[in-house]
Amino acid sequence: MQRSFARIDPKRRTILDHKKRQFAAPTWRDQEYKHRLNFYTIPPTAEITLEEFEEWAIARLKVLSEIEACSFRNRSAEETASYMKPILEKHLPLQSNSSRSTQLDAQRKKDHYSHFILRLAFSATEDLRHRFVRLETALFRLRWNEDDARERRDFVDSLDMGGEWEKVTEEEKKLLADELKAATPWGARKGEEEGWFKVDWEKVPDLVEHRKVLLKRGKAYVPMREQSSLLLAEFSRRLGDAMELTSRALPRIDEDDRLSPILSHLSTSFTAPETTYSDDSALDGFTTPTAASVDALSQHFPLCMQHLHRTLRQNSHLKHFGRLQYTLFLKGIGLNLEECLIFWRRSFKLITDEKFNKEYRYNVRHAYGDVGGDANRRGKGYTPYSCQKLTTEPLPGPGQTHGCPYRTFAPDNLISLLQQTGVDDRQTLNEVRDDVKRQRYHIACNRVFEHKHRNEIKKVKEDGTWNGAQLDTILHPNEYFKRSFLLGHLGEENGNALRDEMRG
Ligand code: SF4
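The protein appears in an unreviewed UniProt entry as DNA primase large subunit from Phyllosticta capitalensis. Quoted verbatim from the Function (unreviewed entry) field of UniProt, the annotation for the protein is "DNA primase is the polymerase that synthesizes small RNA primers for the Okazaki fragments made during discontinuous DNA replication." Within the UniProt record for the protein, the comment given under Sequence similarities (unreviewed entry) is "Belongs to the eukaryotic-type primase large subunit family."

### Things to note about the nonpolar core
Most often, soluble globular proteins keep nonpolar side chains buried together rather than apart. Within the largest apolar cluster, 55 residues are counted, with the highest numbers of intra-cluster contacts made by F301, Y326, L330, F343, W344, Y406 and L418. Setting aside its immediate chain neighbours within four residues, L330 contacts V294, F301, L335, F343 and Y368.

### Some thoughts on the site of the ligand
Taken together, P302, C304, C387, L390, C404, Y406, H442, C445 and P477 form the complete shell of residues around the ligand. Of all the secondary-structure elements, those providing two or more residues to the shell around the ligand are α17 (387–392) and α21 (441–452). Taken together, the residues of the shell around the ligand sort by class into eight nonpolar, one polar and no charged.

### Focus: the packing of aromatic side chains
Taken as a whole and assessed by the stated rule, the structure comprises 22 aromatic pairs. Taking the centre distance of 5.7 Å and the plane angle of 70° together, the rings of F301 and F481 count as edge-to-face. Linking F301 in the loop between α11 (294–297) and α12 (303–315) with F481 in helix α23 (residues 477–488), this pair joins segments that are 180 residues apart in sequence. With relative accessibility at 0%, the residue F481 sits in the buried group. Ring plane angle 90° and centroid distance 6.0 Å describe the contact between Y326 and W344, whose orientation is recorded as edge-to-face. Residue Y326 is located in helix α13 (residues 320–332), and its partner W344 is located in helix α14 (residues 337–347); the two are separated by 18 residues in the primary sequence. For the residue pair Y326 and W344, the accessibility class agrees, reading buried in each case. One aromatic cluster in this structure is built from F301, Y326, F329, F343, W344, F348, F356, Y360, F481 and F485. It is K389 that lies over the ring of Y385; its NZ or CZ is 4.6 Å from the centre.

### Looking at the pairing of strand β2 (residues 196–200)
Counting buried residues along β2, four of its five residues qualify, which places the element largely inside the surrounding structure. Bridge count for β2 against strand β4 (residues 219–223) is five bridges, and the pairing is antiparallel. Looking at the pairing, V199 lines up with A220 of β4.

### Describing unusual backbone geometry
Positive phi values are uncommon outside glycine, yet R217 reaches one of about 45°. By secondary structure assignment, the location of R217 is in the loop between β3 (214–216) and β4. Unusually for a residue other than glycine, Q439 sits at a positive phi of about 60°. Tracing the chain through its elements places Q439 in the loop between α20 (426–437) and α21.

### Thoughts on the side chain of T473
Structurally, T473 can be placed in the loop between α22 (454–462) and α23. With a relative accessible area of 6%, T473 lands in the buried category. Engagement of the side chain of T473 in a polar contact is seen with the side chain of E66, the distance being 2.5 Å. Here the side chain of T473 touches R73 through a polar contact of 3.2 Å, side chain to side chain. For T473, the contacting residues outside a window of four places in its chain are K62, E66, A69, R73, Y83, H442 and N446.

What counts as what
- Residues numbered from 1 in each chain as written.
- Predicted model: local features only at pLDDT ≥ 70, side-chain atom pairs only at ≥ 80, totals over all residues.
- Heavy atoms only, no water.
- UniProt positions renumbered as here; feature names shortened; annotations may be inferred.
- Core = buried A, V, L, I, M, F, W, Y, C linked by side-chain atoms within 4.5 Å.
- Buried < 20%, exposed > 50% of the residue type's maximum accessible area, 1.4 Å probe, protein only.
- Contact = heavy atoms within 4.5 Å.
- Near = heavy atom within 4 Å.
- Helix = DSSP H or I, 4+ residues; strand = E, 2+ residues; numbered from the N terminus.
- Nonpolar A, V, L, I, M, F, W, Y, C, P; charged D, E, K, R; others polar.
- Phe/Tyr/Trp six-rings, centres within 6.5 Å; stacked < 30°, edge-to-face > 60°.
- Lys NZ or Arg CZ within 6 Å of the ring centre and 35° of its normal.
- Pairing = 2+ DSSP bridges.
- Polar contact = N/O pair within 3.5 Å; in protein donor to acceptor, adjacent residues only side chain to side chain.

Pasting the structure below:
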């Protein structure tokens, strides 16, 4: 069970002034980042702004959740690497020394700090700690595999392995040359033959079992190519231990009223990271939705909105929360207030104008910011709901239809709803069933999206018109709509301009 994030009794909470000193006197120093890879043994100590704190953490969270999505979808190591490449370049680029980029320090600093921020956010419960270690190790593996042999060797040489790994000296290598060669009958790859480590053989049971190492006097001689498994195991072990220590320091962090809300928000965003709606999700310049076009456009809606639309058409009515969810979504796709009022008025065809004006008109105007609301919302209203909100809010009651159907529907009903909307592929449906059983609602939704648009996705991938980051995991109903619409109108005149715009 996930532990509550109000970790200490609020009554016992000391009211602290963050301007006063709370922790031991810090010694500020900028870290030197000699290597692209990092074992994250030294916590950062230089100052960053609160905005950087949050932005960097969200960028890393996006990367980790995409890695997790790849494992949920059983992508192979190669598929994961090619899927993650543009996402990493976009959110957490990390170039090698040989690139001679002027951004190296800035990139490594962001990587370093974001790792430690998420460490704080995810050390509260065993489950979160475990997931964080697993995903960070996977991220480390991706980066390790990308590095060239020289950078890897320099990095490994820089690690303080506390005497657990001993580098095999040149003399010893010469002495054992035949045995080492015999232990690697496939032959060493160019540039790697000189790298050997010796460790206690118990540390590498897999390599011993598969006879991939030379065993001598209780030590296993591990060649460079097998060092990645050793290194990854060490990375996981150290990070796991460090997370335990961090969890003990958490109650003190809870007392910091600037950081704890951000950390708490980050940890709840682990499964489906929060995405904010951006105006890009409307179809400006391509089509202007009207009350009359919503029926036709609904083929591009995600299941949550399709379900609301179908219910509305069946009953000529929707309950309050469903109306609000749907109104905000329609606003997000670019339906203006006037058209939205026309849409609802026509849809509620069983009631009189008077009743509509009295009971429903105000709420629609309120959602658009035309009336009521505080000063911040005036003129803007509310933003469309994200998948994170829709998959975590309280479940709908009897007769209510809001929320995410992947979560709110019983599995059999969900499958039949999907079939009614044209998804009949047995394998996809089975995978969706499995996803929802494991509460991976947005993964199920993305799976359905990918199935429905498999031909278009194949095309844009093959002709290179969309880059990988444009096909990342969908986390917002309005993003689902826009992507579906654009894929459905590939090659149409203004579509090119819009795709260029999306590519940014
Ligand atoms: Fe809608 Fe998101 Fe659920 Fe998909 S995952 S149905 S877009 S709430």
